[in-house]
Amino acid sequence: MTRLMVTILCAAAAAFSAAPAMAAEQCAARADMIKALGEKFRENPTALGVVNRNVIVEVFVSDQGTWTILASDTRGQSCVISVGEGWESAVTTAALPGT
């Protein structure tokens, strides 16, 4: 888990540094990104985390299991960090005595 978080944080930092051309192609206004994720992939916000006072990481997931991780800054700019398929949310249920 720690390795995943370090990877995500490094990717977020790279996306918001003097961005290489490829990262710039995957960045847009946050409002436009959210609209596109909803309309094109039916992905909705599921989780977020604070990277630092200027950047948050957000996870968007669809009912079909597609997912996108965005890093968004305080200026309203978002960059795609990663995308994929097969998202499964962990569900924890309490065991009842005697079961």
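This section reports on the structure supplied with the text. (Residues numbered from 1 in each chain as written. Predicted model: local features only at pLDDT ≥ 70, side-chain atom pairs only at ≥ 80, totals over all residues. Heavy atoms only, no water.)

## Thoughts on the overall build of the protein chain
Thought 1: Helices and strands together make up the secondary structure of the protein chain, namely 3 helices and 5 strands.
Thought 2: Walking the protein chain from its N terminus toward its C terminus, one meets helices and strands in the order α-α-β-α-β-β-β-β.
Thought 3: Residue burial in the protein chain is summarised as follows: out of 99 residues, 27% are buried.
Thought 4: Considering only residue pairs separated by 6 or more positions, the protein chain has 35% of its internal contacts joining residues 24 or more positions apart.
Thought 5: As displayed, the protein chain offers around 7000 Å² of accessible surface, 59% of which is attributable to carbon and sulfur atoms. (Helix = DSSP H or I, 4+ residues; strand = E, 2+ residues; numbered from the N terminus. Buried < 20%, exposed > 50% of the residue type's maximum accessible area, 1.4 Å probe, protein only. Contact = heavy atoms within 4.5 Å. Areas by Shrake-Rupley, 256 points an atom, 1.4 Å probe, with all protein chains shown as cover.)

## Re the state of the cysteines
Thought 1: Per the counting criterion, the structure on display carries 1 disulfide.
Thought 2: Covalent S-S linkage joins cysteine 27 and cysteine 79, the inter-sulfur distance amounting to 1.9 Å. For the disulfide bridge between cysteine 27 and cysteine 79, the dihedral angle about the S-S bond is near 110°, and by the sign convention the bridge is right-handed. Taken together, the residues cysteine 27 in strand β1 (residues 27–29) and cysteine 79 in strand β5 (residues 77–84) connect sequence positions 52 residues apart. (Disulfide = S-S within 2.5 Å.)

## Remarks on the pattern of salt bridges
Thought 1: A full pass over the atoms with the stated rule returns 2 salt bridges.
Thought 2: Note that glutamate 58 is salt-bridged to arginine 30, the shortest N-O span being 2.6 Å. Taken together, the positions of glutamate 58 in strand β3 (residues 55–61) and arginine 30 in helix α3 (residues 30–41) put the pair 28 residues apart, joining distant regions of the chain.
Thought 3: One salt bridge in this structure joins arginine 75 and aspartate 73, with 2.7 Å as the shortest N-O distance.
Thought 4: Among the residues examined, arginine 75 registers a relative accessible area of 69% and is labelled exposed.
Thought 5: Looking at aspartate 73, the relative accessible area reads 11%, which means it is buried. (Salt bridge = Lys/Arg side-chain N within 4 Å of Asp/Glu carboxyl O.)

In short, shape yes, function no, at least from these values alone.
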